[in-house]
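# Descriptive structure summary
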Amino acid sequence: MSLAPRAVLVHRTTEYEELVARHGTHGQAAFFLTSRGRDIEEVAERHRRARGALAEVTSAVPLTWRQAQVERTDLDRFLFAPEDVVVVVGQDGLVANAAKYLTGQPVIGIDTDPGRNPGVLVRHRPQDAAKLLSAAATAAVDELTMVEAVADDTQRLVALNEIYLGTPGHQTARYRLGLDDDGGAVEAQASSGVLVGTGTGATGWLRSVWQERTSRLPLPSPTEDRLVWFVREAWPSPATGTTLVAGELAASASLTLTVESDRLIAFGDGIESDALQLTWGQTVRVGVCGQRLRLAG
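Notes on the structure follow.

Thresholds, definitions, all that
Residues numbered from 1 in each chain as written. Predicted model: local features only at pLDDT ≥ 70, side-chain atom pairs only at ≥ 80, totals over all residues. Heavy atoms only, no water. Buried < 20%, exposed > 50% of the residue type's maximum accessible area, 1.4 Å probe, protein only. Helix = DSSP H or I, 4+ residues; strand = E, 2+ residues; numbered from the N terminus. Arc of directions from axis to C-beta. Pairing = 2+ DSSP bridges. Contact = heavy atoms within 4.5 Å. Core = buried A, V, L, I, M, F, W, Y, C linked by side-chain atoms within 4.5 Å. Axes fitted to C-alpha atoms, helices over the stretch in contact; angles between N-to-C directions.

Looking now at helix H2 (residues 26–34). Every buried residue of H2 is accounted for by Ala29, Ala30, Phe32 and Leu33. Seen end-on, H2 carries its buried residues on one side only, within an arc spanning 160°. Away from its buried face by more than 90 degrees, H2 exposes Phe31 and Thr34.

Relative to strand S16 (residues 283–296), strand S5 (residues 141–151) runs antiparallel, the two sharing 10 bridges. Within the sheet, the bridge partner assigned to Val150 lies in S16 and is Arg285. Taken together, the four bridges between S5 and strand S6 (residues 156–159) define a ladder with antiparallel strand orientation. Counted as the bridge partner of Val147 is Ala159 from S6.

A few words on the environment of Val95. Note that Val95 resides in helix H4 (residues 92–99). Residue Val95 is classed as buried on the basis of its relative accessible area of 1%. In this structure the C-alpha to C-alpha distance between Val95 and Leu293, which are 198 residues apart in sequence, comes to 9.4 Å. Beyond its immediate stretch of four places on either side in the chain, Val95 contacts Val88, Val107, Leu121, Val122, Leu160, Leu293 and Leu295.

Before going further, it helps to examine the nonpolar core. Membership of the largest hydrophobic core comes to 29 residues, with the highest contact counts inside it found for Leu165, Leu177, Val194, Val196, Trp229 and Leu257. A total of four residues in this core trace back to one element, the largest contributor, which is strand S8 (residues 173–179). Beyond its immediate stretch of four places on either side in the chain, Val196 contacts Val147, Asn161, Glu162, Ile163, Leu165, Leu227, Val228, Trp229, Leu249, Leu255 and Val286. Core analysis: the second largest hydrophobic core is formed by 23 residues, Ala96, Leu102, Val107 and Met146 among them.

Here the focus is the sheet that holds strand S14 (residues 263–268). The six strands are arranged S12-S11-S10-S7-S14-S15 in an open sheet whose pairing can be described as antiparallel. Two strands in the sheet have a free side with no partner beyond their single neighbour: strand S12 (246–250) and strand S15 (275–279). Strand after strand, the sheet turns through a mean of 15° between neighbouring axes, direction not considered. Pairing analysis gives four bridges linking strand S7 (residues 162–166) to strand S10 (residues 194–197), with the strands arranged antiparallel. Among the inter-strand pairings, Ile163 is bridged to a residue of S10, identified as Val196. The sheet strands contacting helix H6 (residues 205–213) are S7, S10, strand S11 (226–231) and S12, and the helix crosses S11 at an angle near 60°.

Interpretation note: all reported values are geometric properties and have no functional meaning in isolation.
Right under this line is the structure:
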């Protein structure tokens with residue numbers, strides 16, 4: 001007999017909870033914010049909305065289903081199952097945080113603060129949860145392209161928005177950059193790092209670099225099997241070049257980076273604490289990931 005579906009509710013600690021944990025009490029947190037010209041009531045109201053949304057979604061889970069809750073910091077220790085329906089209750093970034101741990105489970109994004117969140121990935125309201133959950137098995141989904149980095153020692157990293165390769169402090173990184181779809185072009189570089197992003201990431205960090213460059217590269221759509229990459233602040237010198245500083249990667253193409261520093265890292269979606277550790281001489285290959293995030297439209 002097959003298992004009943006399990007609704008996995010992904011959420012994160014609120015700013016209010018973090019403040020109270022840091023300062024001990026509501027009063028101490030309020031005093032701290034007042035001393036900096038802020039009112040704790042604004043933060044507390046967002047907390048109430050977030051917790052109210054989580055409670056409403058929890059109550060919408062069908063009675064015949066199993067359910068579990070996982071906080072963002074515990075995602076790397078949580079075991080998702082094939083029959084899970086993942087409900088992300090929070091901000092757009094929380095969907096990206098969860099995406100790397102999934103293997104095709106449908107995802108429903110619930111916006112806890114409409115008007116404050118862009119709502120690119122958390123597309124639905126808490127009151128819609130019951131209808132969305134009941135239709136999860138047959139509902140149409142958008143299959144969002146992801147990016148992956150694979151090192152020559154089998155370390156692997158997957159991200160929904162972008163992968164950054166560089167130094168932990170965003171200082172000068174030294175490496176050799178190669179393109180396998182451009183006649184094997186390779187260039188030694190010194191830069192602030194390399195950013196490789198998807199169409200979903202084209203609404204965030206990737207877009208800011210694209211706009212700053214006034215780049216003519218067309219940004220991909222979220223479901224397109226194409227990536228865009230940029231080298232940040234490449235430094236010209238007798239030993240390093242600035243020719244390979246931006247481009248596209250089709251589904252079958254990849255970007256290779258060979259480390260020529262004591263230590264570089266690769267991290268995804270802004271989570272530097274979960275990074276690939278790369279040392280001198282190692283090579284990492286970045287390209288379109290074979291898996292997709294299946295997001296309810």
